[in-house]
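Architecture at a glance
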Amino acid sequence: MNSTFRSHYCGHVSTALIGQTITACGWVHRRRDHGGVVFLDVRDRTGLLQVVIDPDTAEAFAVAESVRSEYVIQCTGLVRGRPDGTVNPDMPTGEIEVLGKTLCVLSEAKTPPFQLDEYTPVGEDVRLKYRYMDLRRPELMANFIFRARANALVRQYLEKHDFLDLETPQLTRATPEGARDYLVPSRTHQGAFFALPQSPQLFKQLLMVSGFDRYYQIVKCFRDEDLRADRQPEFTQIDIEASFVSESEIMALTEGLLKHLFATLLDVTLNDFPVMSYQEAVFRFGSDKPDLRIDLEFVDLTDVMKTVPFKVFSGPAHDARGRVVALRVPGAGERLTRKDIDQYTRYVGQYGAKGLAYIKVNDVTAGRAGLQSPIVKNLTDESIAETVQRTGAANGDLIFFGADRAKVVNESMGALRLRVARDLNLVKPGWCPLWVVDFPMFEEVDTGEWTAVHHPFTAPGGTMEAFLENPYEHVSRAYDLVLNGTEVGGGSIRIHDPKSQKRVFDVWGFSPESGRAIFVFLLDALEFGCPPHGGFAFGFDRLIMLMVGAESIRDVITFPKTQSAHCLMTDAPSAVDEAQLIELGIRRRQSTHQAHTQAHTNEEMN
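Summary of the structure given here.

Cut-offs applied
- Residues numbered from 1 in each chain as written.
- Predicted model: local features only at pLDDT ≥ 70, side-chain atom pairs only at ≥ 80, totals over all residues.
- Heavy atoms only, no water.
- Helix = DSSP H or I, 4+ residues; strand = E, 2+ residues; numbered from the N terminus.
- Buried < 20%, exposed > 50% of the residue type's maximum accessible area, 1.4 Å probe, protein only.
- Contact = heavy atoms within 4.5 Å.
- Areas by Shrake-Rupley, 256 points an atom, 1.4 Å probe, with all protein chains shown as cover.
- Lys, Arg positive; Asp, Glu negative; His and termini not counted.
- Charge placed at Lys NZ, Arg CZ, Asp CG, Glu CD.
- Arc of directions from axis to C-beta.
- Phe/Tyr/Trp six-rings, centres within 6.5 Å; stacked < 30°, edge-to-face > 60°.
- Lys NZ or Arg CZ within 6 Å of the ring centre and 35° of its normal.
- Pairing = 2+ DSSP bridges.
- Axes fitted to C-alpha atoms, helices over the stretch in contact; angles between N-to-C directions.
- Polar contact = N/O pair within 3.5 Å; in protein donor to acceptor, adjacent residues only side chain to side chain.
- Salt bridge = Lys/Arg side-chain N within 4 Å of Asp/Glu carboxyl O.
- Disulfide = S-S within 2.5 Å.

1. Here's the deal with the overall build of the protein
Of the regular secondary structure elements, the protein holds 18 helices and 22 strands. Looking at the 606 residues of the protein, the share that counts as buried comes to 47%. Here the analysis covers contacts within the protein between residues at least 6 apart in sequence; of these, 68% occur between residues at least 24 apart. When the accessible surface of the protein is summed, it comes to about 30500 Å², and 51% of that surface belongs to carbon and sulfur atoms. With 65 positive and 81 negative side-chain charges, the protein shows a spacing of 2 Å between the two charge centroids.

2. Points about helix H1 (residues 58-66)
Looking at H1, one finds that the buried residues are Ala60, Phe61, Val63 and Ala64. The buried side chains of H1 occupy one side of the element, clustering within an arc of 160° when seen end-on. Projecting away from the buried face of H1 at angles above 90 degrees are the exposed residues Ala58 and Glu59. If you follow the buried residues of H1, they end up packed against strand E1 (21-34), strand E2 (37-44), strand E3 (47-53) and strand E5 (96-107).

3. Details of the packing of aromatic side chains
The full count for this structure, using the stated rule, is 16 aromatic pairs. Judged by centre distance (5.3 Å) and plane angle (40°), the rings of tyrosine 278 and phenylalanine 439 are tilted. You can see tyrosine 278 sitting in helix H7 (residues 278-285) and its partner phenylalanine 439 sitting in the loop between strand E17 (433-437) and strand E18 (442-444), a full 161 residues away along the chain. The residues tyrosine 278 and phenylalanine 439 share a single accessibility class, namely buried. An angle of 80° between the planes, with centres 6.2 Å apart, marks the rings of tryptophan 435 and tyrosine 479 as edge-to-face. Taken as a pair, tryptophan 435 in strand E17 and tyrosine 479 in strand E20 (residues 478-483) lie far apart in primary sequence, 44 residues in all. On the basis of relative accessible area, tyrosine 479 is assigned to the buried category, the value being 1%. Within the aromatic cluster, the residues linked to one another by ring pairs are Trp435, Tyr479, Phe536 and Phe538. One residue, lysine 129, lies across the ring of tyrosine 130, its end atom 5.8 Å from the ring centre. When the ring centre of tyrosine 347 is taken as origin, the NZ or CZ atom of arginine 419, which lies over that ring, is 4.6 Å away.

4. Here we look at the sheet that holds E3
Here five strands make up a closed barrel; going around it, the order is E1-E2-E3-E5-E4 and the pairing mixed. Each strand axis lies, on average, 55° off the axis of its neighbour in the sheet, ignoring direction. The pairing of E3 with E5 spans two bridges and is parallel. Bridging from a neighbouring strand, valine 52 pairs with leucine 99 of E5. Running at roughly 70° to E5, H1 makes contact with E1, E2, E3 and E5 of the sheet.

5. Side note on the sheet that holds strand E6 (residues 164-165)
An order of E6-E9-E10-E22-E21-E20-E17-E11 is seen for the eight strands of this open sheet, with the pairing classed as mixed. In this open sheet, the two strands that pair with only one neighbour each are E6 and strand E11 (275-277). Note: E11 against E17, three bridges, orientation parallel. Counted as the bridge partner of valine 275 is tryptophan 435 from E17. Against the sheet, helix H6 (residues 247-266) contacts strand E10 (234-243), E11, E17, E20, strand E21 (486-493) and strand E22 (533-539), and its axis sits at roughly 25° relative to E22.

6. Some words on the side chain of arginine 323
Checked against the element boundaries, arginine 323 lands in strand E13 (residues 322-329). Under the relative-accessibility criterion, arginine 323 is labelled buried at 7%. A polar contact is formed between the side chain of arginine 323 and the side chain of aspartate 300, at a distance of 2.9 Å. Setting aside residues up to four positions removed in sequence, arginine 323 forms contacts with Val282, Phe283, Phe298, Asp300, Thr302, Pro316, Gly402, Ala403, Asp404, Ala406, Val409 and Asn410.

7. Things to note about helix H16 (residues 540-548)
Of all the nine residues making up H16, eight are buried; the element is thus mostly covered by neighbouring parts of the structure. Looking at H16, one finds that the buried residues are Phe540, Asp541, Arg542, Leu543, Ile544, Met545, Leu546 and Met547. Along its buried surface, H16 packs onto helix H4 (138-160), E10, H6, E20, E21 and E22. Directly after H16, the chain includes glycine 549, whose backbone phi takes a positive value near 75°.

8. Considerations on the pattern of salt bridges
In total, this model carries 38 salt bridges according to the counting rule given. With a shortest N-O distance of 3.0 Å, aspartate 239 and lysine 204 are connected by a salt bridge. Taken together, the residues span a long stretch of sequence, with aspartate 239 in strand E10 and lysine 204 in helix H5 (residues 201-210) at a distance of 35 residues. One exposure class covers both aspartate 239 and lysine 204, and it is buried. Note that arginine 368 is salt-bridged to aspartate 381, the shortest N-O span being 2.6 Å. Of this pair, arginine 368 sits in the loop between strand E14 (357-361) and strand E15 (371-372) while aspartate 381 sits in helix H11 (residues 381-391), and the two are 13 residues apart along the sequence. Salt bridges sharing common partners tie together Arg127, Arg131, Asp134, Arg137, Glu139 and Asp555.

9. Looking at the pairing of E5
Judged from the 10 bridges that link them, strand E4 (residues 72-81) and E5 form a sheet pairing that is antiparallel. Counted as the bridge partner of valine 72 is serine 107 from E5.

10. Things to note about the state of the cysteines
Counted under the stated rule, the structure contains zero disulfides. Cysteine cysteine 10 shares no disulfide, and the gap to the nearest cysteine sulfur, in cysteine 25, comes to 8.0 Å. Cysteine cysteine 75 is unpaired, with the sulfur of cysteine 25 as its nearest cysteine sulfur at 9.2 Å.

These figures come from the coordinates and say nothing about function on their own.
Structure below.
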C-alpha cells in the first residue's frame with residue numbers, strides 16, 4: 001500500500017513482519033498505563049494493533065500519556081513478537097506488537113457518546129443520532145465490509161453471465177405500484193411533480209424493447225410506507241432483467257448467484273432449492289414465505305368440524321371463505337404454562353384472531369379423558385379421534401386451533417407457528433431456501449377491491465383467453481425466493497404483447513384511457529416489437545441482514561432512518577425556507593398538529 005501516512009493497515013500486521021519498521025494509523029480503541037509503560041490498542045477498519053510506548057522514547061511517551069479514546073494517531077515502530085504469556089489467541093494480531101518510536105496525534109476527540117472499547121447497551125436513538133460513531137464499532141463495520149464484498153461478487157457473477165450494468169432514472173413519474181411514492185416538486189414545471197422510483201421495473205422492461213437483452217443494476221429504490229425491522233424508505237435492489245428467457249432460466253441464474261455468494265462469503269454450500277406453489281405454502285404453513293427450518297405445519301380440520309356443536313369451529317367450517325386448522329407442537333404441553341398460552345392468545349389477536357383454542361394431550365390412549373382443555377366438552381368423540389389421528393398427537397403435546405376466515409387463520413396461526421418455534425428452540429440451524437411459484441394474478445384487499453399480487457406487468461399462466469374467463473382465480477408466472485422464512489427477492493415473466501397488457505389493465509380496474517395515461521410510454525413501446533422477457537430483484541439489504549445474522553436491516557445500511565422514517569443524525573425530513581417553496585409554486589398548509597396547537601394557544605389567551 002502506497003501512502004504518505006501509513007505503510008500497513010493495523011489488522012494486516014503479522015508475524016511475517018517481525019523485525020521490520022512499519023507505520024500505522026487509526027483510532028485509539030483503548031489506552032492502558034502499566035507501570036510506566038503505555039499500551040495503545042489502535043483500531044482501523046481491518047482490526048486492532050497493540051502499540052507499546054516506553055519511557056526510553058521520551059517524546060513519543062509524552063504524547064502517549066496525553067492521548068485518549070478515539071484520538072486519531074499515527075505511529076511508527078518496530079514489529080516484534082509478544083513476550084511469553086501475553087499472546088492473545090482471540091485477536092488476529094495477538095502474536096505481535098509494535099514497539100513505538102514516534103507517535104503523532106492527527107486529530108483529538110471529545111468523549112464519545114458511548115463506549116466503543118467494550119460492549120455497552122446503547123439505545124438505538126443514541127446510536128442513530130451519532131451514527132458515524134456507531135459505525136466505528138468493529139461488529140458493525142464488519143457488516144459493511146461484508147456488504148461491499150457481496151456487492152463486488154454480484155457484479156462479477158452477472159457480468160460473467162453477459163449482463164450489462166445500466167442505470168435508470170431516479171426522477172420519473174408517479175405510478176400505482178402498490179406503495180406510496182416519494183414526490184419531488186419541479187421548479188421548472190410548477191404544479192407538477194417527479195416521483196422517486198419504487199423500482200426500475202418499467203425502465204428495465206423498456207431496455208428489453210431497446211435490445212439490451214441482459215441488464216442489471218444495484219439500485220436505490222424508494223417507498224413511502226410504514227416501516228418494520230426489515231424495511232426502510234430507501235433500500236437497495238439487485239435488479240435483473242433478460243430477454244428470451246423462461247422462468248426456469250431466470251430462477252437458475254438467481255439461484256446460482258445466491259449459491260455463489262454463500263459459498264464465497266460464508267463457506268456454506270446451499271442445498272437444492274425446492275419449489276412449492278403459493279396455494280400449498282399457504283395451506284400448510286399459512287404463509288407465502290414459510291420457514292422450512294421449522295417442522296411444524298397446519299393440519300386442516302375444516303371438514304371434521306362441520307358436525308360439531310361448537311359454533312366457534314362449525315361456523316367457519318361451513319363458511320366458503322372459512323377455515324379450521326390445528327397446529328401440533330410436540331412436547332409443548334409439558335413446557336408451556338397457562339400464562340404462556342394467554343400471551344399467545346393476545347399475540348394472535350394482533351392478526352385478527354378472536355381467541356386461541358387449545359388441547360393439552362395427557363394420555364392419548366384414554367380418548368376424551370386423556371385430554372385437557374375447556375373446549376373438549378364441545379367436541380364430538382368422532383372429531384376428537386380424527387383430530388388426534390390427523391395431527392399425530394402424542395403424550396405431552398399441545399394442539400392449538402385456528403377457526404375464522406381463512407385469511408385470519410392463515411396470518412394468525414402462521415405467526416403463532418413462528419413464535420412458538422422460536423420460544424421453544426424448534427428452529428433447526430442452517431439455511432433453507434425455497435422457491436414459491438404460481439401466485440394468483442390478483443388478490444382481494446380489505447376494501448373489497450382487487451389488486452395485482454406482484455404488479456400488473458406480470459404475465460398470466462396459460463393463455464390470455466383462459467385468464468379472461470376467470471382472472472381472479474388465475475395464477476401468474478411469478479416466482480419468489482424465500483430464505484429461512486424471509487422473502488429475499490421476487491420476479492416474473494412479463495407481458496410483452498400490447499393487447500394482452502391492455503386486457504390486464506382492464507381487469508385491474510383501469511379504463512383504457514386511464515391505463516394509457518399512466519403507462520402510455522410502456523404501451524407505446526410494446527407496439528414496436530418487444531421480445532419475451534422476465535426478471536428478478538433481490539432485496540440486497542435484507543439478504544445481507546440474513547447473511548451476517550443482524551437483527552435489523554438498519555444494521556446493514558450505513559445511515560438508516562428510524563421506524564418513523566426520520567434521520568436522527570441530520571434531523572431529516574425538515575422544514576424548508578419559505579423562499580424555496582415560493583420558487584416551487586408551493587404554499588404550505590397548516591398541519592393538523594399546528595392547527596390544534598394554535599387553537600389551544602388562542603383559547604388560553606382569551
